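Letter by letter, the chains look like this.
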Amino acid sequence: MKFKLFDNPLMNSRIKTASMTLKEKLLGYLLGPFGILAFVAVVNQLAELYYTEIFYIDRIFGSGTYLLMTWVTKAVGIFAGILIAYVVEHSESRQGRVRPLILIGCLLSALSGFFMFCIPEMSNVAKLIWIYVFNILYNGFGAQLLALRTNMFTLCTRSQDDRNLVNLFEKMSSFLLVGTAVTLTVGSVLYYTMLHGHPAGNWIGLIGAFAALSVPLSFVQYYYTMERVTSEGETAKKHKESTVSLKDQVMALFKSKYWLMAIALTVVMLIANNLQGYNLNTNFCTIILGATAENGYNLWYTVASGVPMGLGILIVYPLCKKFTIRKTTIAFSIVAVLGCLIGFIAKTDFLGAIIGNFVFNMGTLPVIYILGALINAANDEVEHKHGFRPEGTVSVAIIMCAVNLITGIFAGVYETGLEMSGYDPMLDTLQPAGVVNWLYFIKYAVPAIEYLIIILILVFMDLEKKLPDMQKQIRARYKAEAEARGEIWVSPEELEEREREENARLAEEARIADLKEKCARLGLDFDTENQRYLDKKAKKTK
């Protein structure tokens, strides 16, 4: 399966080096993803509110219509994931296996996400069909294509330090720039000033602006990334994958203990995320803490959530580099559990709730910023033990299908729990005791349980100390296979050294040419000036 459009030289990556450069890390993993991540965050934050406050979907079509649509789109998304994995596994492109699909996913998400809100005037049945189609395109296909982005953390390089850093940069874009700045602005400022109680045109204009921003930045992300691991030993890997049946792939995954631990971590975090609805903080601040537009409690609570995200940039990566991701995450997870305990004890006290929220968010830093790098590194164990990389394979998609079916059951449980507890939006803070108890359970008990389980799993996940030997053996295998085919295999380290030597040669040629031009212009002796430069350079290197 070939993507002929992406064979055009105009679609070539602007990255040409064997090793990752700072430009690639900043543009491909920090700035580039910001556009689509911001758009997705805003759509996810506002979609439920738009359909309940502006479009009145349940009032028009009956109670439970929105929840049913959510389940349908998730079901389509599960099967779309398998289809996309089949395309990835059988695709051939000079741009790699996942980069072209990620770009397609960005553009599809921007288009379909916009039309989830921009609903033309027509019959109610036609409107329902319209929102179903674009919700399926956005949540079903767009979300699954964007999920391929996580594969880039292991396909971009084999250097674990670089993997950790680009994972950190991407999480900075996702959680700090988007999760704090964008969510804070939209949820705590724009929602109250231009969305809540305002016409649909305001909502559509805001979504359209974020969609327009996402498109050029999606191309930045595409052009400044590169799949080095995909291209490394490509012939050998194609041969391996063609000889490993789907059944053997699945069996291999279930025999890889670190990969199973990574799946267990993923399941735990997905269940917790699905239980905590998008509007949990808003409801908690309003009902428990008494937040209003006048007292600004919601704003201050959100700021308290965001401050640790900024601190995380400065402390998480150095700590993980010194103590490993595993040990750092275990220590911080204990802090997260402590934050939940402080918040629960504080009850309705605003200052106590802010302190608990601050401590909790400090404890989540490694999980948010860098644990994903360790989870993705489990793919190296599969390659080491079984000779194929699992990223994008149908076997992984089928397993993730089961994972999403299990965790998807918890989607919408938060909202359903509110409704079953007697929630009435007209009562503000005067909600029944069941609603209050439900909010406390979701806000504090669920994340406390989540982080206790994360600690338990990580105690046994000593993958990091074994990765260097795994990488050496994988490369030795590729080298032996290449030599057996009569080919020359060059390691990434050797390619990097060749690049350094070539860059040094070109820089020296440019220096000599500039010096000759200067000497001719000023009437200086070239040999004398050149020797002066060489002597000065020799002194610096001593």
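The rules behind these values
Residues numbered from 1 in each chain as written. Predicted model: local features only at pLDDT ≥ 70, side-chain atom pairs only at ≥ 80, totals over all residues. Heavy atoms only, no water. Helix = DSSP H or I, 4+ residues; strand = E, 2+ residues; numbered from the N terminus. Buried < 20%, exposed > 50% of the residue type's maximum accessible area, 1.4 Å probe, protein only. Arc of directions from axis to C-beta. Phe/Tyr/Trp six-rings, centres within 6.5 Å; stacked < 30°, edge-to-face > 60°. Lys NZ or Arg CZ within 6 Å of the ring centre and 35° of its normal. Contact = heavy atoms within 4.5 Å. Axes fitted to C-alpha atoms, helices over the stretch in contact; angles between N-to-C directions. Parallel < 35°, antiparallel > 145°, perpendicular 65-115°, else oblique. Left-handed = near helix turned anticlockwise from the far one by under 90°. Nonpolar A, V, L, I, M, F, W, Y, C, P; charged D, E, K, R; others polar.

Chemist: Give a detailed account of unusual backbone geometry, specifying residues and quantitative values.
Modeler: Despite not being glycine, Thr324 has its phi angle at roughly 85°, a positive value. Here Thr324 is to be found in the loop between helix H15 (297-323) and helix H16 (325-346). Taking relative accessible area as the criterion, Thr324 reaches 25% and is therefore assigned partly exposed. In this model, Lys347 sits at a positive phi of 55°, which is unusual for a non-glycine residue. Summarising the element assignment, Lys347 is placed in the loop between H16 and helix H17 (350-363). Lys347 gets classed as partly exposed once you look at its relative accessible area, which sits at 35%.

Chemist: Residue-level account of helix H12 (residues 246-254), with values.
Modeler: In an α-helix, one turn spans 3.6 residues; hence positions three or four apart end up facing the same way. Of the residues making up H12, those classed as buried are Gln249, Ala252 and Leu253. Down the axis of H12, the buried side of the element spans an arc of 100°, and every buried residue falls inside it.

Chemist: Tell me about the packing of aromatic side chains, residues and numbers included.
Modeler: Per the stated rule, a full pass over the model turns up 22 aromatic pairs. Relative to Tyr51, the ring of Tyr50 lies with its centre 5.9 Å away and its plane at 70°, an arrangement referred to as edge-to-face. The same class applies to Tyr50 and to Tyr51, which are both buried. Owing to a relative accessible area of 1%, Tyr51 belongs among the buried residues under this scheme. Taken together, the aromatic side chains of Tyr50, Tyr51, Phe55, Phe61, Tyr66, Phe117 and Trp203 make up a single cluster linked through ring pairs. The ring of Tyr222 has Arg99 sitting right over it, with the charged end atom 4.3 Å from the ring centre. Between Lys347 and the ring centre of Phe344, over which it is positioned, the NZ or CZ distance is 4.0 Å.

Chemist: Hey, could you go over the side chain of Asn379 for me, with residue numbers and the actual values?
Modeler: Mapped onto the elements, Asn379 comes out in helix H19 (residues 371-386). Apart from the residues within four sequence positions on either side, Asn379 is in contact with Thr154, Trp259, Arg389, Pro390 and Glu391.

Chemist: Can you tell me about the packing of H16 against H17, naming the residues and giving the values?
Modeler: Viewed as axis vectors pointing N to C, H16 and H17 meet at an angle of 165°, and their least axial separation amounts to 7 Å. In terms of orientation, H16 and H17 fall into the roughly antiparallel class. Between H16 and H17 lies a crossing whose hand is left-handed. From H16, Phe332, Ser333, Val335, Ala336, Leu338, Gly339, Cys340, Ile342, Gly343 and Ala346 reach across to H17, where they touch Gly352, Ala353, Ile355, Gly356, Val359, Phe360, Met362 and Gly363. Here the contact of H16 with H17 is built from residues that sort into twelve nonpolar, six polar and no charged.

Chemist: Tell me about the packing of helix H4 (residues 65-89) against helix H6 (residues 124-146), residues and numbers included.
Modeler: Interaxial distance between H4 and H6 falls to 8 Å at its minimum, and their mutual angle equals 40°. The angle between H4 and H6 falls in the class oblique. In this structure, the crossing between H4 and H6 has a hand that is right-handed. Taken together, the residues of H6 that come into contact with H4 (itself represented by Thr65, Leu68, Met69, Val72, Thr73, Val76, Gly77, Ile78, Ala80, Gly81, Leu83 and Ile84) are Leu128, Ile131, Tyr132, Asn135, Ile136, Asn139, Gly140, Phe141, Gln144 and Leu145. A class-by-class count of the residues in the contact of H4 with H6 yields 14 nonpolar, eight polar and no charged.

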